[in-house]
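# Structural overview for review
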Amino acid sequence: MKVSTILRLPRTVRSAGRLREILMVLIKHGFGELVDQLGLQAWLTAASRLLPRADRSERETQTLETRIRRTFEDLGPTFVKLGQVLATRPDLIPMSLVLELRKLQDRVPPFPFEQVQAVVAEELGRPIEAVFAEFDPQPIAAASIGQVHRARLETGEEVVVKVQRPELGRVIDRDLEILRALAGLIHEKIPEARQFNLPGIAQEFSGALRLEADYTNERANQERFIRLWADDDRVSAPRPYPELSTARVLTMEFIRGVKVTDLEGLASVGADVRDIARLGSHIALRGIFDHGFFHADPHPGNFFVLPGGRITLIDFGMMGVIDRERLDELLSFLVALLVNDPDMMVRLFLELDLIDESIDLRSLKREIKQLIDRYYNVPVGDIDLGRFINQVFEVVVKHDVRMPADLLLVGKALTTIEGIAQEIDPTFDPVTEMRPYLLKTYVLRVLDPAHHAKELSKDVVDLTTLVRKLPGEIRTLLKKVRKGELRVVTATEDLTVILERHDRRVNRTLVTVFSTTAMLTGTAFALAGLEGAAIAAYGLGTLWFLWAWLGILRTGGV
């Protein structure tokens with residue numbers, strides 16, 4: 001490693017004491033060798049260097065994954081958040097570590113009420129007693145970003161107020177600076193770690209954490225969720241009060257509900273656990289596939305059930321956003337799983353440029369098929385969907401398939417919701433719930449004229465651009481030929497003949513696309529049990545297929 005990197009470290013870190021604390025936690029949990037490799041012993045005090053390394057029995061009885069999780073927990077809020085982000089990225093870290101990091105709990109002691117008063121007064125421009133008729137000094141929840149208090153407005157409305165921790169911005173900046181410095185140091189000092197691009201991960205995490213620490217962003221997410229679900233009276237979110245909210249204070253209506261996993265509480269509000277499990281699955285599926293906007297942190301503490309079985313979601317700091325194109329890719333991926341078609345999945349990977357030709361495609365298909373076959377004859381109710389999707393991710397990542405981060409976030413959201421549903425109703429069958437919804441959505445997308453028109457318009461734009469630029473490109477080539485900068489060694493046919501042949505190929509390509517689309521649609525109809533529609537789609541596809549081949553036979557070539 002360059003000496004200059006260590007020399008720069010003190011100037012990039014605001015608090016040597018915090019760095020020393022981080023190094024001591026690493027040593028405590030058995031990562032002293034990492035501290036040695038990075039050459040950071042000089043940052044330790046003489047007394048801390050004499051501290052015993054991790055107890056051997058502790059290292060022998062705890063897995064590496066457990067020790068990493070406990071390290072994140074001891075390092076505090078910033079690193080707990082980092083662990084939670086990494087828990088959504090099985091493309092970066094082993095699945096065993098992903099599952100362990102999902103156990104991280106964002107629970108920290110509350111801060112004093114005097115500091116709550118100071119933050120509220122600073123943000124709202126008035127003391128607490130001038131804004132709220134009542135304000136409970138005891139928080140009902142405390143986390144790394146802030147804590148929540150019950151209150152009552154002068155108008156009598158019950159609200160909850162999220163108040164950010166004092167000096168949070170300074171603490172985050174200090175920890176992120178240290179984190180980026182350590183990531184760069186590991187990247188330079190340990191060659192084996194370079195494949196993970198730790199500096200890139202640290203930079204991406206910095207932006208995500210700062211966004212989550214901004215309550216203005218959370219309020220915008222909350223308002224968007226309310227608009228998207230306005231047509232479904234079974235789903236809601238607390239209404240925020242913009243005039244009493246800032247980047248560090250968020251005021252919203254108080255929701256009287258019970259935690260989704262509180263079985264006694266569910267019974268007390270007259271909620272049927274089966275209906276709640278199905279509604280939770282509906283929220284996940286519709287949020288992802290209809291809205292492209294879904295709760296990315298759906299743990300039980302963020303779901304509350306109201307009388308009558310209505311579900312209210314809270315905490316919108318971490319939301320997933322997925323565009324229409326990515327949704328189509330996700331649909332194809334999940335449908336390939338549901339219909340046991342590894343070839344379809346691998347074709348999708350190739351089309352999306354997630355894999356290259358150096359990958360052993362045959363081995364990848366074989367392992368995917370073996371995994372699907374292992375579950376295919378198992379009764380649907382016995383399938384652990386979360387474990388199944390995690391195993392699929394393990395297989396594809398093992399073969400260097402570069403799964404997009406947003407797809408992995410969707411996978412985490414689906415498996416977490418499924419886990420909650422099965423916790424409250426062990427008989428709940430998520431595959432049975434998902435299969436008809438996904439197949440129906442897939443069929444509708446295949447048949448959507450607007451979708452195909454959009455794709456065709458993109459192709460037309462590309463073709464128009466090519467035609468417009470072609471004369472200039474030809475002139476440039478001819479100039480190079482005249483100057484001797486380009487040697488043309490291939491004899492070409494008459495341009496008119498070439499263009500006619502090109503037109504025929506384009507027409508036949510379109511017919512082939514229509515034929516393939518019709519065949520896929522027929523297959524989807526058949527899987528959905530719509531036999532009449534399937535026969536019609538197959539017939540149309542066959543006609544287009546025959547038309548394309550008659551053209552080829554008539555002209556003697558493609």
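Residues numbered from 1 in each chain as written. Predicted model: local features only at pLDDT ≥ 70, side-chain atom pairs only at ≥ 80, totals over all residues. Heavy atoms only, no water.

## Let's talk about the overall build of the protein chain
Of the regular secondary structure elements, the protein chain holds 24 helices and 11 strands. Split into buried and exposed, the 558 residues of the protein chain put 44% on the buried side. Of the contacts formed within the protein chain by residues at least 6 apart in sequence, a portion of 67% connects residues at least 24 apart. Carbon together with sulfur atoms contributes 57% to the accessible area of the protein chain, which is approximately 29,500 Å² in total. (Helix = DSSP H or I, 4+ residues; strand = E, 2+ residues; numbered from the N terminus. Buried < 20%, exposed > 50% of the residue type's maximum accessible area, 1.4 Å probe, protein only. Contact = heavy atoms within 4.5 Å. Areas by Shrake-Rupley, 256 points an atom, 1.4 Å probe, with all protein chains shown as cover.)

## Notes on the sheet that holds strand β5 (residues 235-236)
Pairing between sheet strands relies on hydrogen bonds along the backbone, with the strands arranged either parallel or antiparallel. Pairing is mixed across the open sheet formed by 4 strands, whose spatial order is β5-β10-β9-β7. Unpaired on one side and paired on the other, β5 and β7 (258-259) mark the two borders of the sheet. Pairing analysis gives 4 bridges linking strand β9 (residues 303-306) to strand β10 (residues 310-313), with the strands arranged antiparallel. Paired with phenylalanine 304 across the bridge in β10 is threonine 312. (Pairing = 2+ DSSP bridges.)

## What to know about the nonpolar core
In this structure, Phe225, Phe289, Val305, Phe333, Phe349, Ile368 and Leu438 are the most contacted members of the largest nonpolar core, which totals 120 residues. Counting residues per element, this core draws most heavily on helix α20 (residues 405-424), which supplies 10 residues. If you look at the next biggest cluster of nonpolar residues, it comprises 17 residues, including Phe111, Val120, Ile128 and Phe132. (Core = buried A, V, L, I, M, F, W, Y, C linked by side-chain atoms within 4.5 Å.)

## Here's the deal with the side chain of serine 281
Note on placement: serine 281 falls in helix α15 (residues 273-291). Excluding anything up to four places from it in sequence, serine 281 contacts Ile417, Phe428 and Glu433.

## Observations regarding the packing of aromatic side chains
Tallied over the full model, the rule gives 4 aromatic pairs. Stacked on the ring of tyrosine 241, the Lys or Arg arginine 239 has its end atom at 4.7 Å from the ring centre. The side chain of arginine 286 reaches across the aromatic face of tryptophan 229, ending 5.0 Å from its centre. (Phe/Tyr/Trp six-rings, centres within 6.5 Å; stacked < 30°, edge-to-face > 60°. Lys NZ or Arg CZ within 6 Å of the ring centre and 35° of its normal.)

## Looking at the pattern of salt bridges
Going through the model one piece at a time under the given rule, you end up with 25 salt bridges. Its salt-bridge partner being arginine 248, residue glutamate 122 comes within 3.7 Å of it at the nearest N-O pair. Within this pair, whereas glutamate 122 is found in helix α9 (residues 113-124), its partner arginine 248 is found in the loop between β5 and β6 (249-253), the two being separated by 126 residues in sequence. Classification of arginine 248 by relative accessible area gives buried; the value is 17%. For arginine 170, the salt bridge goes to glutamate 167, with nearest N and O atoms at 3.3 Å. (Salt bridge = Lys/Arg side-chain N within 4 Å of Asp/Glu carboxyl O.)

## Regarding helix α17 (residues 342-351)
For α17, the set of buried residues is Pro342, Met344, Met345, Val346, Leu348 and Phe349. A positive phi of about 60 degrees marks aspartate 353, the residue just after α17.

## Some remarks on the pairing of strand β4 (residues 158-164)
Counted residue by residue, β4 has 6 buried out of 7 residues, so it is predominantly covered. As defined by bridge partners, strand β3 (residues 146-153) adjoins β4 across 7 bridges and the pair is classed as antiparallel. When the sheet's bridge partners are listed, arginine 150 is paired in β4 with valine 160. Linkage of β3 to β4, two consecutive antiparallel strands, is achieved through a turn of 4 residues, within which glycine 156 is found at a positive phi near 95 degrees. Here 5 bridges tie β4 to β6, and the two strands are oriented antiparallel to one another.

## Focus: unusual backbone geometry
Glycine aside, the phi torsion of most residues is negative, and most peptide linkages are trans. Look at glutamate 167: it is not a glycine, yet its phi comes out positive at around 60 degrees. Locating glutamate 167 in the fold gives a position in the loop between β4 and α11 (168-189). Phi angles above zero are rare outside glycine, and aspartate 315 is one such case at about 60 degrees. Among the structural elements, aspartate 315 can be located in the loop between β10 and β11 (319-321). On the accessibility criterion, aspartate 315 (30% relative accessible area) is partly exposed.

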